[in-house]
Each structure stands twice: as C-alpha cells, then as structure tokens.
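Take a look at the letters that make up each chain.
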2 protein chains.
Amino acid sequence: MAERIYTACVLIIGNEILSGRTQDANLNHMATVLGESGVRVREARVIPDVEDVIIDTVNEVRAAFDYVLTTGGIGPTHDDITADCIAKAFGVPLVMSEEIAVRIRGRPAPAEVMASRLLMARVPEGATLIDNPTGGPQGFQMGNVYVMAGIPSVMRAMLSTIVFEGGAVVRSRSVAAYLGESQVATGLTAIQDEHPAIDIGSYPFMRADRYGTTLVLRGTDETELDAVLAEVKQLIVDAGGTPEPVAE
Amino acid sequence: MAERIYTACVLIIGNEILSGRTQDANLNHMATVLGESGVRVREARVIPDVEDVIIDTVNEVRAAFDYVLTTGGIGPTHDDITADCIAKAFGVPLVMSEEIAVRIRGRPAPAEVMASRLLMARVPEGATLIDNPTGGPQGFQMGNVYVMAGIPSVMRAMLSTIVFEGGAVVRSRSVAAYLGESQVATGLTAIQDEHPAIDIGSYPFMRADRYGTTLVLRGTDETELDAVLAEVKQLIVDAGGTPEPVAE
C-alpha cells in the first residue's frame, strides 16, 4: 500500500523579495524543517503585498496542499495586510486576540504606539496561535494555513514550535564528479527507470572554471538509496570519472 | 494618462530548491535586471520537475504577465524536461535546432555522449534562441516565455543578452532607524495616503539584538521620491529616532 504523502506550499509575501532588494532566506529553512517532519514542499510562491493576490493565492493553495506556510506581512504598518487577507480568504472577521494583546500590553508604550502595536493582535476568528519564542507577537494557524513573521530569526523561532503530522522522511545520498552531465545521462536514465521510487537529480556546477555534476538521490528507503548510490558511483567510474564526496 | 506597466513572472524549476538542498540564487538577480529595464516582477514560483505542474503553470502565468522567465531543467539528463514541457504548453512539437546542434557538435565527444548532448538542441517549433555567452547550448524564447539555464553564472550570461521592452524604471529611496515599526506606523500611513504613487514598504530587522526598521520608498517619479524621503526622515526624528543611511 502506498504510504500517504504530506505536501506543503510556502508563500513568501513581500514586495521586497520581488523587487530584488532582499534575498529570501526563509524557503530554504522551511523546506529543510518540513522535510525532517516528513512533509514535502511541492511549491513555493513569492507574491506581492496586494490584497486580491494574497486572498486568491491562499484559497488556491490551501485547497491543493496539506499545509500552507506564509511568511511576511504581519507587522503593524500599512503594508502588513496578511492577517486581514487570511481572514477574508476564510470568510471570517478579524478579531482581537486577548492572548496576544496581553503580551503586547506587557511592554508599555505611548498611546499612539500602543494602538499600532495592538494591530498585531488581530487574528482571523477561529485561529489558534503560533508561539513566538522571541517574545514578540505570536503568529497564528487558520485551518491548514500557518502564518508567520518574515524576519528569518523570528520565523525560525515560530516554526520550531509547530508539530507537523508527516509521512516517511525523504533521505538523500549525493555524489559529485568532474564530468559533464552528458557523460552520465544515458546510464542515469537506465538507473532511474530501474528505481522509480528513488528520485535522481542531476545538477551541473562550475567551480574554478571546471564543469562538474552533482547527483542527488532522494527516497524514503535507505537500503535502496545505498544500492542506487553504489550503481551511480560505478557509472561515474565507467565514464572515466572519480566519485567525489558531497556533504548531505 | 497612466503609463503602461510591464510585468513579469519568474519560474524556478527544480526539485533541489524545494527540498531545501539548494538556495535559489536566480530570482534576486532576475528581479534586479528586469527592474532596470522597467519590467516589474509581480510573482515568482518555485515548482518541481513534474510535467503536468510545469505545463499548467506556464500556461497560467504566460497569460497573466507580459514576460515569463524560467530557469532550470534544460540540461541533457532524464530530469531535464523544461523544453519538452514548454513545447507541450504551446501545443507544438520539439524540433532539433541546427544552430544549437552545430555549436554542440563543435566539441567532439564519443557517440553516446554526443547523443545525450544533442538532447539540449531540442527546442519547441517556432522558438527563437537566447544566446549563451559562456559557449554552451543556447536557451530559447517561445512567445513571451524565456527559457534559461539554472546554473547562476550561465543564466546571468543568457539574461544579459536579452532586451526587454519595459516602462518607466522604478527607483527607490531608503532610510533606516532603530525604532520599532509601531513607532512610525501611524505617520507612515498618513504619508502613504498622501502619496499613492509611491509604494512605501516597512521592513523590521534585528541586528545584534537591536530591533530596527528599514523604510523603502519605490516609485517612478524621482522628485516625488525625494519629497517623500524628506517626510519619512522627519517622521523618524519626530518619533525620537535618527535616520540612518541605507545602501540603495
């Protein structure tokens, strides 16, 4: 019986990534953490701070994946519209979370500043909170959508508190060689056809003007992974190369 | 009369980005280069090496944006299915490009290796080529879809040869302060409401355990940008902060 596969989509919300100003640093970490829980990120989207786009995208992907994780847009300024959009996507009002408000009120501030900070206490009705070990306002979970901060250190702290139900963990084996992809392509196809449960990826690289290829095997069965790794190493040797170790 | 806005979507094709193994390095560069041509990246998607997903995504986004740029999946191995998927998305056959084939044949190789390398000469019927200044096989353009390599150095070389028709270039002004976002939120909303043509983004950061906020103004009118920057700096001073320069 095929084991259930758990899937996720990551939504990175923010004009600053799309303008090229900021390099996203969250997808990679989220994919790694989810992978360790047996959840596979099947898609990621970077979308702008535009209400219709956020609402439509959330509704599309929450129906298509087991989990949706968002980062960005949950601060107190005019461009922080994520909570509002999630509420609209689910067709519920935004309500004040007393739990978040208590945390925010714990740090005194002038009235106008406090009013702005309390905007961060608004969550869609029915949401549960995601803890924020850095001490700031919490994120929230609404259905299968997990809404987190965009600051990488805060996102990581929030993510570390969530337990995802997942399936078998995908493991990898890798090996590199200073060979062109074409030198192993035919042999790789044969190995891939023999082992459909293993996903074989071939990634060319250039280091110090030398072309090489990293071969990455991914699958849930470690015995089969080791067997395929041995076949791939033999393929490299047969093609006149030397298998080079790669950090997993 | 409102000037025409040119939009783009970037598609990053590759399981290795979604697994967390590899950090994408292409979106940021593409967004910057497109921006300099007056083209705005409005969305980016990272999708897996899965035929149906690539075809459906390409057809969705090529109808929604002026330009679509893809990276990844145009090598000679079994997991390189981008050219085939683009052909299917456009409903045309894959054909051998003699121009690419001549370039590939210029570097001799054993028959089996050459057969694999020539897989990279296949392009959708009707495509035009994108030059590859690194000397490898070319990319191609099919309709408004630009198909490029995934290796960052090769993608950059290819991208540098393309001329995009764009609109007014979006410029930015930035300033930072060691203030919480809440301390400027109300004032920022007022400035944003006064200047709808300027997109004001507020990005919190944490450096050495100190919270701060970077404010980024984006728009096509440099005079208005400078005026808004002056207002934002005054807002920072009024909130008890010091405007700190930020590299554009």
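Residues numbered from 1 in each chain as written. Chains lettered and ligands numbered in written order. Predicted model: local features only at pLDDT ≥ 70, side-chain atom pairs only at ≥ 80, totals over all residues. Heavy atoms only, no water.

**Q** Before we go on, may I ask you to explain the pairing of strand β3 (residues 67-71) of chain B in this structure?
**A** Sheet faces and side chains relate simply in a regular strand, where the side chains alternate between the two faces. Residue and element names in this part refer to chain B. Of all 5 residues that make up β3, 5 are buried, and the element is covered over most of its length. Neither face of β3 is exposed, since Y67, L69 and T71 on one face and V68 and T70 on the opposite face are all buried. As paired elements, strand β1 (residues 6-13) and β3 share 5 bridges and run parallel to each other. Counted as the bridge partner of I12 is T71 from β3. Bridge analysis of β3 against strand β8 (residues 145-148) gives 4 bridges, and the strand direction is parallel. Across the sheet, the residue bridging to T71 is M148, located in β8. (Buried < 20%, exposed > 50% of the residue type's maximum accessible area, 1.4 Å probe, protein only. Helix = DSSP H or I, 4+ residues; strand = E, 2+ residues; numbered from the N terminus. Pairing = 2+ DSSP bridges.)

**Q** I tried to follow the relation of the copies chain A and chain B on my own but got confused; where do I start?
**A** Between the two copies of the chain lies a relationship made up of a rotation around an axis and a movement along it. Mapping chain A onto chain B leaves a residual RMSD of 0.0 Å; the transformation is a rotation of 180° accompanied by 0.0 Å of translation along its axis. Taken together, the rotation angle and the small translation identify this as a two-fold axis. Ranked by how close their C-alpha atoms come to the rotation axis, the residues of chain A are headed by R45 of chain A, at 2.2 Å. Of all interface residues in chain A, 100% are interface residues in chain B too; the two copies therefore contact each other through one and the same surface. (Least-squares fit on C-alpha atoms with pLDDT ≥ 70 in both. Contact = heavy atoms within 4.5 Å.)

**Q** Please explain the sheet that holds strand β12 (residues 244-245) of chain B as it appears in this structure.
**A** Residue and element names in this part refer to chain B. Ordered by their spatial adjacency, 4 strands build an open sheet running β10-β11-β9-β12, and the pairing between neighbours is antiparallel. Only two strands of the sheet have a single neighbouring strand rather than two, namely β10 (199-207) and β12. Direction of pairing for strand β9 (residues 171-177) relative to strand β11 (residues 210-219): antiparallel, over a ladder of 7 bridges. Bridge assignment links S172 to a residue of β11, and that residue is R218.

**Q** How do you make sense of the sheet that holds strand β12 (residues 244-245) of chain A when you look at a structure like this?
**A** Working definition: the strands of a sheet are paired by backbone hydrogen bonds and lie parallel or antiparallel to each other. Residues and elements named next belong to chain A. Read across the open sheet, the 4 strands follow the order β10-β11-β9-β12; overall the sheet is antiparallel. Each of the sheet's edge strands pairs with one partner strand only, and the pair in question is β10 (199-207) and β12. In the packing of helix α8 (residues 185-194) onto the sheet, contacts are made with β10 and β11 (210-219), and the angle to β10 comes to roughly 155°. (Axes fitted to C-alpha atoms, helices over the stretch in contact; angles between N-to-C directions.)

**Q** What is the right way to look at the side chain of N26 of chain B in this model?
**A** All names here are of chain B. Here N26 is to be found in the loop between α1 (15-18) and α2 (27-36). For N26, a relative accessible area of 4% puts it in the buried group. Not counting residues within four places of it along the chain, the set of residues in contact with N26 comprises T71, G150, P152 and M155.

**Q** Honestly, the pairing of β10 of chain B in this entry has me stumped. Any pointers?
**A** Residue and element names in this part refer to chain B. Both β10 and β11 contribute to a ladder of 9 bridges, which runs antiparallel. Looking at β11, one finds that S202 is bridged to L215. Following β10, the chain reverses through 2 residues before pairing antiparallel with β11; A208 in that reversal takes a positive phi of roughly 50°.

**Q** Whenever I open this one, the pattern of salt bridges confuses me. Can you help?
**A** In a structure, side chains of opposite charge can pair up when their charged atoms sit close to one another. Residues and elements named next belong to chain A. Per the counting criterion, the structure on display carries 20 salt bridges over all chains. Between K88 and D84 there is a salt bridge whose closest N-O contact spans 3.3 Å. A residue pair is termed a helical-turn pair when its members lie 3 or 4 positions apart in one helix, as K88 and D84 do in helix α4 (residues 82-90) at 4 residues. Between D131 and R103 there is a salt bridge, and its shortest N-O distance comes to 3.1 Å. Here D131, found in the loop between β6 (128-130) and β7 (139-142), pairs with R103, found in helix α5 (residues 98-105); they are 28 residues apart in sequence, far enough to count as distant. Exposure remark for R103: the relative accessible area of 29% places this residue in the partly exposed category. Among the charged side chains, a network of salt bridges with common partners joins R171, R173, E222 and D226. (Salt bridge = Lys/Arg side-chain N within 4 Å of Asp/Glu carboxyl O.)

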